[in-house]
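# Survey of secondary and tertiary structure
Listed below are the residues making up each chain.
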Amino acid sequence: MIDIHSHILPGIDDGARDVAEGLEMARELVNWGVKKVIATPHFLENGPRLTPEETREKVGEFQERIVSEKINLEVLPGAEVFITADLGKKVDNGEVPTLNGTRYILLELPLEKVPAFAEHVFFDLKVMGYIPVLAHPERNIGIQKNPNFLYRWTKYGVRVQINSGSIMGVFGRKARKTAKIILRNRLGHFLATDAHSRGKKGNCLVRGMEAVRRTAGKPLTREFKENSRMLVENRELLPSEPTPFVPSGKLTGLILGKKF
Ligand SMILES: [Fe+2]
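In short, a report on the structure. (Residues numbered from 1 in each chain as written. Predicted model: local features only at pLDDT ≥ 70, side-chain atom pairs only at ≥ 80, totals over all residues.)

Check the secondary structure of the protein chain and you find 11 helices and 9 strands. For 260 residues, the compact-globule formula gives about 18 Å, and the C-alpha radius of gyration of the protein chain, at 18 Å, lands near that figure. Overall, the C-alpha framework of the protein chain stretches about 60 × 40 × 30 Å when taken along its three principal axes. (Helix = DSSP H or I, 4+ residues; strand = E, 2+ residues; numbered from the N terminus. Rg over C-alpha atoms; globule rule 2.2 N^0.38 Å.)

Moving on to the nonpolar core. Judged by nonpolar contacts, the single largest core of 72 residues is most densely connected at Ile 8, Val 75, Ile 105 and Val 212. For Val 212, the contacting residues outside a window of four places in its chain are Ile 167, Leu 183, Leu 191, Leu 220, Thr 221 and Phe 224. (Core = buried A, V, L, I, M, F, W, Y, C linked by C-beta atoms within 7 Å. Buried ≥ 20, exposed ≤ 12 C-beta atoms within 10 Å, placed from the backbone. Contact = placed C-beta atoms within 7 Å.)

An α-helical turn contains 3.6 residues, so any two residues separated by three or four positions project in the same direction. With 13 residues, helix H1 (residues 19–31) should reach 18 Å at 1.5 Å per residue; the first-to-last C-alpha distance of 18 Å fits that figure. Every buried residue belonging to H1 is among Gly 22, Leu 23, Met 25, Ala 26 and Leu 29, and all of these are buried. In an axial view of H1, the angular spread of the buried residues amounts to 160°, which keeps them on one side of the axis. For H1, the exposed residues set more than 90 degrees away from the buried face come down to Ala 20 and Asn 31. Lining the buried residues of H1 we find strand E1 (2–6), strand E2 (36–39) and helix H2 (52–68). (Expected span 1.5 Å × (residues − 1). Arc of directions from axis to C-beta.)

As a further point, take the sheet that holds E2. Taking strand neighbours across the sheet as the criterion, the 3 strands line up as E1-E2-E4 in an open arrangement whose pairing is parallel. Two strands bound the open sheet, and with one partner strand each, they are E1 and strand E4 (74–77). Each neighbouring strand pair of the sheet contributes to a mean axis angle of 25°, computed without reference to strand direction. With 4 bridges connecting them, E2 and E4 associate as parallel partners. (Pairing = 2+ DSSP bridges. Axes fitted to C-alpha atoms, helices over the stretch in contact; angles between N-to-C directions.)

For the rest of this paragraph, the subject is the pairing of E1. Remember that side chains alternate between the two faces of the sheet whenever the strand is regular. Counting buried residues in E1 gives 5 out of 5 residues, a clear majority hidden from the surface. Where E1 and E2 come together, 3 bridges link them in parallel fashion. Bridge pairing links Asp 3 to Val 37 in E2. Each parallel crossover has a hand, and for E1 linked through H1 to E2 it is right-handed. (Right-handed = clockwise from strand over helix to strand, strands pointing away.)

Below you can see the structure in the form of structure tokens.
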């Protein structure tokens, strides 16, 4: 398996504090069947932000340590990029690391709401040939209130990554409920750990995939695994047929469903 979202790169953000912890996280991933991981340190407006070149250098150094420790894991460069109104410009200037240098960019929304400029940013990135991948939108309060934001966005090419911890209940009842809606309405494309340290329940992609299977069936787990491979190789993802979310049995739900 491939984990496309992890804070394994040591000493950069709120993930692995030092090389020793990064190596422990690497061993944990391997124990649970992960062969490749994209290191996605936070890229923030006011906080840590590595350039694509710095990211490649640091990933290269960390990979050397992993090899010297005889851990069978390939680490690839990436970032989890916090959305800002001018993100298109930063990407155009070459300041922003993409996932393994591909056209896929992992985007983080603020947890409390959907910013008014979000769709403009998606549009800017699409026009430049990039594919926005939303990191754990099931944790966003605006999307928890109206999951059909994702229906609208996936229709025009935004892709969606769910955290394995969300589907296992690590981030609370609302995130789990929204993750299930995303799965059942085929609004998601990837499952990843978003691991920040070792030993957390959500770090186990195998158990996460099992929860996906129980919620939406085995074909979706296959699709998620295949999509992660396609992303790393900069290929098109498998086609999926999203459906709008309709809250069960409520007239308001029908109205909401028709809205998109
Ligand atoms: Fe993250």
